[in-house]
Amino acid sequence: MQISEVDTAGQVRVDHDELIAFVARIFTGRGLPADRARIAADALVYGDAAGLGSHGLANLNKLYLPLFDDDRVDPAGELAVTSDRGAAAVIDAAGTLGLWTASAVLDNAADRAQRYGVGVCFVRNATHFGCAGYHTREQALRGRIALLSSNCGAQRIARPPGGRYAMLGTNPLSIAAPAGDAAPYVLDMSTTAVPTGKIRQAARRGDPIPSGWLVDESGAPLTDPTALDRGDGFPTWLGGSPETGAYKGYGLALAVEVLSALVSGAALGPAPEAYTGSGGPTGRDDDIGYFAMVIDPGAARGDSAMGPAAAGMFATLRACAPVDPAQPVGYPGLREDEKLRAARSDGVAMDFALWDEVRKVASAEGVEPPTLVSGSNEVGA
């Protein structure tokens, strides 16, 4: 029997470091080297710790372990630079686990940026990297500016505005930058209205979704989240309908496709294979492409003036008088940083269903589950 603190929302709290160690043990048990496993575990736990549960532990047994089971990931594969032009390189990720790969290629880009001011890596044969913001944030904490984007390989679930066939994935991107002593600026977004993980979260809870997340074949709004995985619900683009700016999200998705996949030689979403059946989803997220760019401000500018300027810029934003005093002005990354700090000190909040899933994975993989934060309420063994 284990003891856990249970909050009013019906959640347990799991020790943050224990949770990372637990996930790392799972990954090393699947052949991932220990150093990679630690980074991958940190990236996965970040999703729950920062309040981005759609990209957290819920995906361990639903996304990442199946990659190992289906031999769609090479745990010990080596990244190979296939073209090197100094500031820019093309990298074959060799099917390595994206939770580690994304950080590794950003580190490669950072090394180039230290020499040239900017470093760029175009990556093919990659796998799902989890929260893009985790990887870019790590660079921002070291005083750098980072951009990371990813297509979805040949997975096609979203249709061009006015189009009949699904041609693209959610194509996420993140940009992060330091903000002095404050939390780094971290923009982390899908180019669709919401990431698919958020829709699947609602499906697991049995909750309807807001109008505007999915549409049916005719373009009518859907509130049933299960339509996504049935194949008769299509994600909408950031911006909503064509009348309200869907071309912006669609255009960003194509920009991600060009930078992440077209240059690197990864699998493309827009391909003739999409023209099958009724226009529903086709392909799967193998041979994903990344675009990873790091700017070293000191090397690029030749001075250290950006640091104080960034601190002043983000401090000025936060000092802006709010319309509602209860809702102070912030910036992307601030809320996630606050949640992350709380999770590290008080434990990662997890609902009972997810905690039960974690314990089932622990049992199946033959490892001890993570330690829960002590409290007065009991949760079954």
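The rules behind these values
Residues numbered from 1 in each chain as written. Predicted model: local features only at pLDDT ≥ 70, side-chain atom pairs only at ≥ 80, totals over all residues. Heavy atoms only, no water. Helix = DSSP H or I, 4+ residues; strand = E, 2+ residues; numbered from the N terminus. Rg over C-alpha atoms; globule rule 2.2 N^0.38 Å. Buried < 20%, exposed > 50% of the residue type's maximum accessible area, 1.4 Å probe, protein only. Contact = heavy atoms within 4.5 Å. Areas by Shrake-Rupley, 256 points an atom, 1.4 Å probe, with all protein chains shown as cover. Domains from an automatic or database assignment. Buried area = accessible area lost by both parts, 1.4 Å probe. Salt bridge = Lys/Arg side-chain N within 4 Å of Asp/Glu carboxyl O. Phe/Tyr/Trp six-rings, centres within 6.5 Å; stacked < 30°, edge-to-face > 60°. Lys NZ or Arg CZ within 6 Å of the ring centre and 35° of its normal. 1 Å grid on protein atoms, 1.4 Å probe; cavity = no way out; pocket = protein on both sides within 12 Å on 5 of 7 lines; lining within 4 Å. Points joined across faces, edges and corners; volume = space filled by probe spheres on them. Nonpolar A, V, L, I, M, F, W, Y, C, P; charged D, E, K, R; others polar. Pairing = 2+ DSSP bridges. Axes fitted to C-alpha atoms, helices over the stretch in contact; angles between N-to-C directions. Core = buried A, V, L, I, M, F, W, Y, C linked by side-chain atoms within 4.5 Å.

(A) Representation of the overall build of the protein chain within the structure. For the protein chain, the count of helices and strands is 12 helices and 14 strands. In terms of overall size, the protein chain behaves like a compact globule, its C-alpha atoms giving a radius of gyration of 21 Å where 381 residues would be expected to give roughly 21 Å. With the principal axes as the frame, the protein chain shows a C-alpha extent of 55 × 55 × 50 Å. Across the 381 residues in the protein chain, those meeting the buried criterion constitute 48%. By sequence separation, contacts in the protein chain at least 24 residues apart represent 68% of the contacts at least 6 residues apart. Accessible area for the protein chain stands at about 16,600 Å²; split by element, carbon and sulfur atoms hold 53% of it.

(B) Geometry of the domain arrangement of the protein chain. If you check the domain split of the protein chain, you get domain 1 (7-76 + 348-380) and domain 2 (77-193 + 238-346). One C-alpha centre belongs to domain 1, the other to domain 2; they are set 23 Å apart. Counting residues at the interface gives 28 residues for domain 1 and 28 residues for domain 2. A combined buried area of about 2,500 Å² lies between domain 1 and domain 2, and 63% of that area is made up of carbon and sulfur atoms. Contact with domain 2 buries surface across domain 1, with Arg36, Tyr46 and Arg72 losing the most and accounting together for 27% of the total. Counting across the domain 1 and domain 2 interface gives 3 salt bridges.

(C) Summary view of the packing of aromatic side chains. Inspection of the entire model under this criterion finds 8 aromatic pairs. Taking the centre distance of 4.8 Å and the plane angle of 55° together, the rings of Phe314 and Tyr331 count as tilted. Separated by 17 residues along the polypeptide, Phe314 in helix α10 (residues 306-319) and Tyr331 in the loop between α10 and α11 (334-346) bring together distant segments of the chain. Tyr331 carries the same exposure label as Phe314, and that label is buried. Among the aromatic residues, those joined into a ring-pair cluster are Tyr185, Phe314 and Tyr331. The ring of Trp100 has Arg36 sitting right over it, with the charged end atom 3.9 Å from the ring centre. The side chain of Arg159 reaches across the aromatic face of Phe234, ending 4.1 Å from its centre.

(D) Looking closely at the layout of surface pockets. Roughly 320 Å³ of volume is contained in the second largest pocket. Val215, Gly219, Thr236, Gly240 and Pro242 are the residues nearest the centre of the second largest pocket, which is lined by 18 residues in total. Grouping the constituent residues of the lining of the second largest pocket by class yields 8 nonpolar, 8 polar and 2 charged.

(E) Representation of the sheet that holds strand β6 (residues 145-150) in the model. Strand order in the open sheet made by the 7 strands is β3-β4-β5-β12-β6-β7-β8, with mixed pairing throughout. Where the open sheet ends on each side, the last strands, each with one partner, are β3 (80-84) and β8 (182-189). For this sheet the average axis-to-axis angle between neighbouring strands, irrespective of direction, equals 15°. Of the pairings in the sheet, the one linking β6 to strand β7 (residues 173-179) comprises 4 bridges and is antiparallel in character. Among the inter-strand pairings, Ala146 is bridged to a residue of β7, identified as Ala176. Together, β6, β7, β8 and β12 (288-295) form the strand contacts of helix α5 (residues 132-140), whose direction differs from that of β7 by roughly 25°. Lying over the sheet, α10 contacts β6, β7 and β8, oriented at roughly 105° with respect to β7.

(F) Focus on the nonpolar core. Of all hydrophobic cores here, the largest spans 42 residues; its most connected members are Phe27, Leu57 and Leu97. Contributions of two or more residues to this core are made by β2 (11-14), α1 (16-29), α2 (34-49), α3 (60-69), α11, β13 (348-351) and α12 (352-365). Sorting elements by how many residues they give to this core places α2 first, with 8 residues. Taken together, domain 1 (7-76 + 348-380) and domain 2 (77-193 + 238-346) each give at least three residues to this core, which thus spans both. Counting 19 residues, the second largest nonpolar core, distinct from the first, contains Ala102, Leu106, Ala126 and Leu148.

(G) Main features of the sheet that holds strand β10 (residues 221-222). The strand order across the open sheet formed by 3 strands is β10-β9-β11, and the pairing between neighbours is antiparallel. The sheet terminates laterally at β10 and β11 (234-235), the two strands that pair on one side only. Here strand β9 (residues 214-215) runs beside β10; their pairing, made up of 2 bridges, is antiparallel. Residue Val215 lies in a different strand from β10, and its bridge partner there is Pro221.

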